[in-house]
Amino acid sequence: MTWTLMTMWRWCSLWRGWRKAAGWPDEGTFHSLRHYFATRLNTSGADPTDVQNALRHSSLRITLETYVHWWPKKNRRRNIVSTALREAAGNGSGLALLG
């Protein structure tokens, strides 16, 4: 979809009316709603590829760079390793592995 200035103006105008009808604050743009949608998908455990497709990003990299901080930490690779090390140590801190 090609966005023209007129298309963007029209969506912003519609968004302003919807926001007012819902009793929401005047702050926030229609683009904010898009970020909210993506964030809700992420925090609900959606697969990154599904989020990419829903947002129509041209690459998964764009999706990940924009929203990686919203995916639950338990799904991040570095946290998986640190969790496994803590569990192996048996004390939750991982310090027993060092000695």
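Residues numbered from 1 in each chain as written. Predicted model: local features only at pLDDT ≥ 70, side-chain atom pairs only at ≥ 80, totals over all residues. Heavy atoms only, no water.

K.L.:
Even after reading the chapter, I still don't get the overall build of the protein chain, so can you show me in this structure?
P.N.:
Counting its secondary structure elements, the protein chain contains 5 helices and 0 strands. When the helices and strands of the protein chain are placed in sequence order, the string is α-α-α-α-α. Here the protein chain holds 99 residues, and the buried ones make up 15% of them. A separation threshold of at least 6 residues defines the contact pool for the protein chain, and within that pool the share at least 24 residues apart is 18%. Just so you have it, the protein chain exposes about 7800 Å², and 60% of that area is on carbon and sulfur atoms. (Helix = DSSP H or I, 4+ residues; strand = E, 2+ residues; numbered from the N terminus. Buried < 20%, exposed > 50% of the residue type's maximum accessible area, 1.4 Å probe, protein only. Contact = heavy atoms within 4.5 Å. Areas by Shrake-Rupley, 256 points an atom, 1.4 Å probe, with all protein chains shown as cover.)

K.L.:
Would you mind going over helix α3 (residues 48-55) with me for this structure?
P.N.:
For an α-helix the count is 3.6 residues per turn, leaving residues at separations of three or four pointing the same way. Within the sequence span of α3, burial applies to Val-51, Gln-52 and Leu-55. For α3, the angular spread of buried residues about the axis comes to 100°, placing them on one side. Along its buried surface, α3 packs onto α2 (30-43) and α4 (60-67). Between the side-chain oxygen of the N-cap and the backbone nitrogen of Thr-49 there are 2.9 Å, and the N-cap of α3 in question is Asp-47. In the stretch just after α3, Arg-56 is the one whose phi turns positive, near 60°. (Arc of directions from axis to C-beta. Polar contact = N/O pair within 3.5 Å; in protein donor to acceptor, adjacent residues only side chain to side chain.)

K.L.:
Would you mind showing me how to read unusual backbone geometry here?
P.N.:
The general pattern is negative phi for most residues beyond glycine and trans for most peptide bonds. Here the phi dihedral of Arg-56 falls at roughly 60°; this positive angle occurs in a residue that is not glycine. Along the polypeptide, Arg-56 turns up in the loop between α3 and α4. Taking the relative accessible area as the measure of exposure, Arg-56 reaches 69% and is therefore exposed.

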